[in-house]
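Commentary on secondary and tertiary structure
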Amino acid sequence: MTMLSSKPFAWIAWVAQGLLYALFALGIATFSSWPHYRQLPAGQALIKLSFTHTGKRVADCVQRTPAELAKLSPNMRAPLQCPRERSPVIVEVDLDGTLAYRHVAEPSGLSRDGASTVYRRLQVPADQHRLAVRLKDNTRSAGFDYNRTETLTLKPGQILVIDFDAEKGQITFI
Amino acid sequence: MMSFLDATRNGGLLVYRRLEQLFDKPFDAALNPWRHLGALGFLFFWIIAVSGVYLYIVLDTSASGAYRSIDWLTHQQWYLGGVLRSLHRYAADAFIVVTLLHVLREFLLGHYSGFCRFSWLTGVPLLWFMYISGIEGFWLNWDSLGQFSAVATTEWLDSLGIFATPMTRNFLGNAAVNDRLFSLLVFIHIGVPLLLLFGLWFHIQRISHAGVFPPRPLALGTFASLLILALAVPVVSQAPADLAVVPGPLPLDWFYLFPHPLMYATSPGSVWALVVTATLLLFLLPFLPRPRGYAAQPIAQVHPSDCNGCRRCFDDCPYAAITMIPHPNGRMQLAEVIPDLCASCGICAGSCPSATPFRSVSDLVTGIDMPQLPIGALRQALQDQLDTLQGDNRIVVFGCDQGARMDTLAGKNVATISLICTGMLPPSFIEYALRYGAAGVLLTGCRPDGCAFRLGSRWTEERLHGTREPHLRASVDRLRICIAWADRGEEKTLHNALEDFRNRIAAHDHALI
Ligand code: HEM
Ligand code: SF4
Ligand code: SF4
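Described below are features of the structure shown in this document. (Residues numbered from 1 in each chain as written. Chains lettered and ligands numbered in written order. Predicted model: local features only at pLDDT ≥ 70, side-chain atom pairs only at ≥ 80, totals over all residues. Heavy atoms only, no water.)

Around ligand 3 sit 13 residues, and of these Cys307(B), Asn308(B), Cys310(B), Cys313(B) and Cys352(B) come closest. Broken down by class, the residue content of the shell around ligand 3 amounts to eight nonpolar, three polar and two charged. (Near = heavy atom within 4 Å. Nonpolar A, V, L, I, M, F, W, Y, C, P; charged D, E, K, R; others polar.)

Further remarks concern the interface of chain A and chain B. Listed as interface residues are 40 residues of chain A and, on the opposing side, 55 residues of chain B. Roughly 4,200 Å² is buried in total at the junction of chain A and chain B, and carbon and sulfur atoms are behind 64% of that figure. Taken together, the links from chain A to chain B amount to two salt bridges. A salt bridge links Asp163(A) to Arg169(B), with the shortest nitrogen-to-oxygen separation between them at 2.9 Å. (Contact = heavy atoms within 4.5 Å. Buried area = accessible area lost by both parts, 1.4 Å probe. Salt bridge = Lys/Arg side-chain N within 4 Å of Asp/Glu carboxyl O.)

What follows deals with the coordination of the iron atom of ligand 1. Residue and element names in this part refer to chain B. The coordination sphere of the iron atom of ligand 1, as far as protein atoms go, consists of His102 (NE2) and His203 (NE2), spread over 2.0 Å. Classification of the site at the iron atom of ligand 1 as octahedral follows from its six donor atoms and the range of 85 to 179° in their angles at the metal. Taken together, the residues span a long stretch of sequence, with histidine 102 in helix α4 (residues 78-108) and histidine 203 in helix α7 (residues 179-203) at a distance of 101 residues. (Donors = N, O, S within 2.8 Å, 3.2 Å for Na, K, Ca; no water. Tetrahedral: all angles 85-135°; square planar, octahedral: opposite > 155°, others 65-115°. Helix = DSSP H or I, 4+ residues; strand = E, 2+ residues; numbered from the N terminus.)

Let's shift gears to the state of the cysteines. One covalent bond between the sulfur atoms of two cysteine residues makes up a disulfide. Residues and elements named next belong to chain A. Summed over all chains, the structure comprises one disulfide over all chains. Bridging cysteine 61 to cysteine 82, the disulfide has an S-S length of 2.1 Å. Here the disulfide of cysteine 61 and cysteine 82 is right-handed, its torsion about the S-S bond being about 110°. Here cysteine 61 is found in the loop between β3 (44-53) and β4 (62-63), whereas its partner cysteine 82 is found in the loop between β5 (80-81) and β6 (89-95), with 21 residues between them in sequence. (Disulfide = S-S within 2.5 Å.)

This part takes up the sheet that holds strand β7 (residues 98-105) of chain A. Strand pairing in a sheet is mediated by backbone hydrogen bonds. Such pairs are either parallel or antiparallel. All names here are of chain A. Spatial ordering of the open sheet is given by β7-β6-β9-β10, a layout of four strands whose pairing is antiparallel. Pairing within the sheet leaves two strands with one partner each, and these edge strands are β7 and β10 (146-153). On average, each strand axis in the sheet is tilted by 15° relative to the strand beside it, whichever way the strands run. (Pairing = 2+ DSSP bridges. Axes fitted to C-alpha atoms, helices over the stretch in contact; angles between N-to-C directions.)

Before going further, it helps to spend a moment on a nonpolar patch on the surface. Residue and element names in this part refer to chain A. Together, Trp11, Ile12, Val15 and Leu19 line one region of the surface with nonpolar side chains, adding up to about 480 Å² of accessible area. Structurally, tryptophan 11 can be placed in helix α1 (residues 11-31). Given a relative accessible area of 64%, tryptophan 11 falls into the exposed group. (Patch = residues over 30% accessible without salt bridge, like charges linked within 9 Å, V, L, I, M, F, W, Y side chains within 5 Å. Areas by Shrake-Rupley, 256 points an atom, 1.4 Å probe, with all protein chains shown as cover. Buried < 20%, exposed > 50% of the residue type's maximum accessible area, 1.4 Å probe, protein only.)

None of this, on its own, says anything about what the molecule does.
Encoded structure:
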């Protein structure tokens, strides 16, 4: 029986195979590390504004009167009635005297009782900058509740993280 | 929409076939990598798994120790750990390449609907598993490349806004990256590949005799290329991660990490849109109306009175579409076709012992048969053609509807019979043709590793060589038989093969006189 497809291997076929294997390996090696990618252009720095912070309650707890309590079913008779809704957190960032970012972070959760979250990358030239950050977490207060202003020098490629430390009640620059 | 898809597919298939045939020359069809893409995927998976086990053993899974332990492998133990590290990375890259090509190939061949739907649908999640485990692998090393990828990925995930605490906060500063987080990353990097393995097992469930490992020479050649690459261009770490700075220019692995630059060039939302659309399209493709020319064909039909329960069709069906059930007569088994799985290829008809043209019944009914081309009608067609042949060196060509076209072969001394798949031919038909007037029988069809129905050409070869039932009887003169596989588009090769064969037979007969 003649099998047309099983022709004997010529040396040229071996060479061609070798070349094709080499081409395959070359392709893998190449795109495994080339072209180089530069996320941040030279001479730039990055400011990352990131925090999760739960705003203040929109209203104070109120004391229920005995009459009100009597109307509730026995297992619901808590003397304090606390609204669960939280204030949105408002943040503003000034860079060298001009407003660079403003965001109103709504509270999470269906009953708006969760934390507000902000994440923002600001790309700036590596240089000396005057940075002012303001944060407001209470709808009932006037103006911003927290402020921080600083002049700092950012090196090329440096990342400055602006966070909020709820325990200490302060805006942090790291 | 449909016709556009069809046109693109057919155009692409033409180009693809060209490329595949180009590789047939140096590699021979049997070793052509384009015909073993899925199997190569398995090979790369195993290379990744084995090298990964070693890396896991030596990896210090703490945030501060990971970088050091891998760097030690690369430099101090370059001959073993370093090579394995490079193999792990390069095999992962190659895995992506062959898998994407595998998907492209199956798409171009229209293997996404009908009887292929199961394989297609179970394939799609595998792509996700591959990318999840691959991308995350870069983080474990915790160099600046891993840092870049981790930050970019978490920014992308956070853009969904579904995490109570944003994932990015895990990578805000060096202090945030702790050992617990690292253990979680290691856990994912081992768990997802296990899911992938399970998914792969699922993926080939509906395929019998799946080629899950490439032919040995191809496997060796591929492994050797990766090994040489690993020695020549070892994979090295970038600077240790430092979350206080943005890494400078990075040698990116574009096979896995291309979504990151894409996200920074556009937006997280557009990368989500791309990924979700691509996934949905892949999932929906099998439910679009079937490509033209793939109109539903009648499926194989069992005739209980002629089935003796020999299980040959059960063994030969490429799509595991046959089960054996108790025969109504209570004494033996009976073949039963699962309609959804049947590809209407007819290969089962070629394996049935009752499908021999020598049976003296006038109405040839066989155990399992194709309603659109029953074995009885095939015998009739062969007889009719044999009767009309004229001249010397009469040749009968058996081919199939999927391989090289046979219309150009016709002549006064050539009879051509096209089957659904060449694997549908019971070998006794060859003997029959030779006994009743043919000087030679030429068999053609798709090349073995490109058979439209996977196993038709392979079973044909094995039946003719006597290693698979039903076999061609030993007494049949092998000099009068020629196998010339030719894919669609290789009509010229087929034509030349026929001329060659005819000349050889003429010389043979001349010598006999
Ligand atoms: C994770 C990587 C993958 C590997 C290692 C792999 C491997 C395989 C193997 C070994 C086969 C059997 C081939 C044969 O013996 O004929 C196969 C078949 C198939 N694969 Fe995959 N596969 C992968 C991913 C995919 C994906 C992502 C898709 C599509 C979305 C896909 C679609 C198919 C189809 C449609 C078949 C059936 C082919 C036929 O019926 O002839 N595969 N795959
Ligand atoms: S026609 Fe093909 S797919 Fe259907 S049962 Fe027969 S061998 Fe299996
Ligand atoms: S090959 Fe024929 S006889 Fe054997 S089990 Fe299948 S249908 Fe029945």
